[in-house]
Amino acid sequence: MLIVEQALNGLQFGLMLFLLAAGLTLVFGVMDMINLAHGSLYMVGAFVAAWLVALTGSFVLGIAGAVVLTAVFGMALEVVLLRTLYARDHLSQVLATFALILILNDGVKMIFGNDLPLSAPAALAGPVELLPGLVYPAYRLLILAVGLVLALLLWLLVQKTRMGALVRAGASNRTMATALGVDITRLFTFVFGIGAALCAVAGALLGPLLAVQVGMGENILILAFVVIVIGGIGSIRGALVGAILVGGIDTLGRTLLQHLFREFLPPQWASAAGPAVASVAVYVFMAVVLAVKPQGLFPARG
Amino acid sequence: MLSEAKHPGLARSVALIALAAIVLALPFLLRALGFDFYLSLASRIVVYAIAATSLNLVLGYGGMVSFGHAAFVGLGAYVTGVMISEGVQSGSAHLGAVVLVTAFAALAIGAISLRTRGVYFIMITLAFAQMLFYLANSVKGYGGDEGLNVRARSLFSLGGWVLDLKNPLALYYVALAVLAASLFALARFVPSRLGYAMLAIRDDDVRAEAIGFPTYRYKLVVFVAAGVLGGIAGALSVNLQGYVSPNALHWTQSGTLMVMVILGGVATVWGGVAGAAVLLLLQEMLGSWTEHGEFWTGWVLLAVVLFARRGLVGIALSRRAQSAT
């Protein structure tokens, strides 16, 4: 039962990672742009959601508002600043988006303070009995459901629509796509908006589980980068597989290793070593994937 | 013609001597003006300048975009901190251990990472630094996520004469000496055989390999040297702050060092120094004027990316080139 519960937790965390990684992998894969500030959009989304939920008293309205506002904010950011960075080298992109992290972290602190309370809606606070003997928090089920639906919608968007085909064309060969008349620049403002909206969903949904605080984007950003490197830069399918693998390794590793360590380590060491080894395991996994498949699991460039 | 060619060299020597006089006299100037407090800021700038210079060696001259340089700085800090908290105070023992540990770590990390290139090199070096970050978080015996406080500092005994880095003046001058030695070594490295080989590798490693350079081995040598220098900067930082925490290994720390190098000037001898000085002074000044120093620091960095493409040293160089013509 513990394993089933932890597997569900892992899947849930993986789906949230996917929401973050989806936008990141497209911007990285198609525009060859390292955007360190992607995690800041996740933070902005969470703060706006917490603020709107408190303002309107409705969880759904709050999240919907946060998604729209963060998407608009992301698109504005893309048009004003990030667009000029596409043609620059990676180092300039690192410096500029690192600067953006400083600005957004402190900007959010000025407007909202260091942290905001955000709790799950009361109707979903209790547990649900999935199977006899298996109870699971209702709110986590909601996250799972939203994550699955959004992953499906994104897959339909990328695989079955004209816009998705253009994005895939761009990821596979940007120069050729541009030569064939695709307006990549305009397309990417839109893609960036979708990426920002997905960040907001992840930030708002994870807010009640983790904390809505300044700096929340920095740790999860690196995991999102690990996800897209494992999956293959530019590939949505790779991001999904990578996210679920990373979410699973991180979550299962934390609990299972802790149990394992308790067998032969003193308890205060076991409780600390479990999470540490699980966190390290994610990076070891990435190193192994890169050693076997240097382009990631699903290379986007053919 | 001859005098014109000699002139910039002379101006440069004069500027260097003036700069040396100012930094050497700085502690006394600060005391005379009643700004003793700023001596620790000056030491912090020097320590960060060493770390940034070591990153500039890999990143600028080696063309290896390492996003995990904090691993070596943090490792040096932890080795020193752990030794002090275990009662070992000998500075030469600290130095020896830091050099050994960081050289070994850089050799292992470099040997694996240098098999990849481009974005994957960035991510692998980052991954190794993150591993050390989580490791430091888990060693409860040495502070865990709360970090490690040390009371004592490194003690160097030189033939009956004892140098205690607890003394802020001693720390400042030792750090300054390390920085001067690394800048001198870097300036000598650039026009050396290995230096030219590195530039060839950086600009086109396939061609360099075809010419017959052992590119992998050369890159590894530079990577290890930079790691060791970073570790020494870390050892100095523990002596400065009396504290080391896992945050010293966090990726934002690697990012800060990278920002210093890019801000100052990639592949310029003085780039690391300029970047560290400007960024830390900026944070200090803006931090004392407003509560939101980071916010305005971010805007200044953005302006540098958009308007000064080759960093601060780049601006100075192009101005000199303009005035020469």
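Here, residues in each chain are numbered from 1, in the same order as that chain's written sequence. Here the convention is simple: chains get letters from A, ligands get numbers from 1, in the order in which they are written. For this predicted model, a pLDDT threshold of at least 70 governs which residues receive local features, and a threshold of 80 or more governs which side-chain atom pairs are given and counted, while totals over whole chains, interfaces and linings are taken from all residues.

A. Representation of the overall build of chain B within the structure. For chain B, the helix and strand inventory stands at 13 helices and four strands. The globule rule puts the C-alpha radius of gyration for 325 residues at 20 Å, and the 20 Å found for chain B is close to it. Seen along its three principal axes, the alpha-carbon backbone of chain B occupies a region of about 60 × 50 × 50 Å. In chain B, the proportion of contacts linking residues at least 24 apart, taken out of those at least 6 apart, comes to 76%. Secondary structure elements are taken from DSSP: a helix is a run of H or I of four residues or more, a strand is a run of E of two residues or more, and numbering for both begins at the N terminus. The reference for a compact globule is 2.2 Å times residues^0.38; the radius of gyration itself is calculated from the C-alpha atoms. Here the contact rule is simple: place C-beta atoms from the backbone, and any two residues whose C-beta atoms are within 7 Å are in contact.

B. Quick peek at the overall build of chain A. Regarding its fold elements, chain A presents 11 helices and four strands. Computed over its C-alpha atoms, the radius of gyration of chain A comes to 19 Å, within 12% of the 19 Å expected for a compact globule of 302 residues. Taken along the three principal axes of its C-alpha coordinates, chain A extends 60 × 50 × 35 Å. Each residue is classified by how many other C-beta atoms fall within 10 Å of its C-beta atom, where C-beta atoms are placed from the backbone; a count of 20 or more means buried, 12 or fewer means exposed, and values in between mean partly exposed. Buried positions account for 51% of the 302 residues belonging to chain A. Taking the contacts inside chain A whose residues are at least 6 apart along the sequence as the reference set, 76% of them involve residues at least 24 apart.

C. Summary view of the interface of chain A and chain B. If you look at the interface, chain A gives 31 residues, while chain B gives 33 residues. Counting only elements with at least two residues in the side of chain A that touches chain B, the list comes to helix 4 (90–112), helix 9 (216–231) and helix 11 (267–292) of chain A. The element best represented in the side of chain A that touches chain B is helix 4 of chain A, accounting for 15 residues. Classification used: nonpolar for Ala, Val, Leu, Ile, Met, Phe, Trp, Tyr, Cys and Pro, charged for Asp, Glu, Lys and Arg, polar for all others including Gly. Of the residues assigned to the side of chain A that touches chain B, the class counts are 23 nonpolar, six polar and two charged.

D. Structural detail: the packing of helix 2 (residues 38–56) of chain A against helix 8 (residues 184–206) of chain A. Residues and elements named next belong to chain A. To get an axis, fit a line to the C-alpha atoms, keeping to the stretch in contact for a helix; angles then go from 0 to 180 degrees between the N-to-C directions. Between helix 2 and helix 8, whose axes approach to 7 Å, the crossing angle comes to 55 degrees. Judged on the interaxial angle alone, helix 8 and helix 2 are oblique. The two elements helix 2 and helix 8 cross, and the hand of that crossing is right-handed. Packed against helix 2, whose contacting residues are His38, Leu41, Tyr42, Met43, Gly45, Ala46 and Ala49, the element helix 8 presents Ala196, Cys199, Ala200, Ala202, Gly203 and Ala204 at the interface. Along the lines of polarity and charge, the residues of the contact of helix 2 with helix 8 split into 10 nonpolar, three polar and no charged. Orientation is classified from the angle alone, with under 35 degrees giving roughly parallel, over 145 giving roughly antiparallel, 65 to 115 giving roughly perpendicular, and any other angle giving oblique. Here is the rule for handedness: rotate from the far helix to the near one, and if that takes an anticlockwise turn smaller than a right angle the crossing is left-handed, while a clockwise turn gives right-handed.

E. Looking closely at the environment of Tyr42(A). All names here are of chain A. Tracing the backbone through its elements, the reader meets Tyr42 in helix 2. Linking Tyr42 and Pro266, residues 224 residues apart in sequence, is a C-alpha distance of 38 Å. In this view, Tyr42 contacts Leu20, Cys199, Ala202, Gly203, Gly217 and Ile220; residues no more than four positions away in its chain are not counted.

F. Main features of the domain arrangement of chain B. Residues and elements named next belong to chain B. Note: domain ranges come from an automatic or database domain assignment. Here the domain parsing of chain B yields domain 1 (1–36) and domain 2 (39–249). Spacing between the C-alpha centres of domain 1 and domain 2 amounts to 28 Å. Counting from both sides, the interface comprises five residues of domain 1 and, opposite them, five residues of domain 2. Residue composition of the side of domain 1 that touches domain 2, grouped by class: four nonpolar, no polar and one charged.

G. View of unusual backbone geometry. Residue and element names in this part refer to chain B. The backbone phi angle of Ala267 is positive, close to 60 degrees, even though this residue is not glycine. Residue position: Ala267 is located in the loop between helix 10 (251–264) and helix 11 (271–289). Exposure remark for Ala267: the 20 C-beta atoms within 10 Å place this residue in the buried category.

H. Spatial organisation of the pairing of strand 3 (residues 161–164) of chain B. In short, DSSP must find at least two bridges between two strands for them to pair. In terms of strand pairing, strand 2 (residues 155–158) of chain B meets strand 3 of chain B through four bridges, oriented antiparallel. When the bridges of strand 3 of chain B are listed, Ser157(B) appears paired with Val162(B).

I. Focus on helix 10 of chain B. All names here are of chain B. Every helix has an expected span of 1.5 Å times one less than the residues it contains. In this model helix 10 runs 20 Å from its N-terminal to its C-terminal C-alpha over 14 residues, within 8% of the 20 Å that 1.5 Å per residue would give. By the criterion of burial, helix 10 is predominantly enclosed, with 13 of the 14 residues buried. Positioned one or two residues after helix 10, Gly265 has a phi angle of 145 degrees, which is positive.

J. Representation of helix 9 of chain A within the structure. Residues and elements named next belong to chain A. Taking 1.5 Å of rise per residue, the 16 residues of helix 9 would be expected to cover 22 Å, and the 23 Å separating its terminal C-alpha atoms lies within 8% of that figure. Along helix 9, 14 of the 16 residues are buried, which leaves the element largely enclosed by surrounding structure. Downstream of helix 9 by a residue or two, Gly232 has a phi angle that is positive, lying close to 105 degrees.

K. A look at the confidence of the model for chain B. All names here are of chain B. By definition, pLDDT measures how confident the predictor is in each residue, and it falls between 0 and 100. Scored by pLDDT, chain B comes out at a mean of 89, with 95% of its residues at no less than 70. Across chain B, the element-wise mean pLDDT spans from 71 in helix 13 (residues 311–324) up to 96 in helix 3 (residues 70–85). pLDDT under 50 marks residues 1–5. Its contacts with residues more than four places away, or in other chains, come to zero contacts. For this predicted complex, the interface score ipTM comes out at 0.84, alongside a pTM of 0.88.

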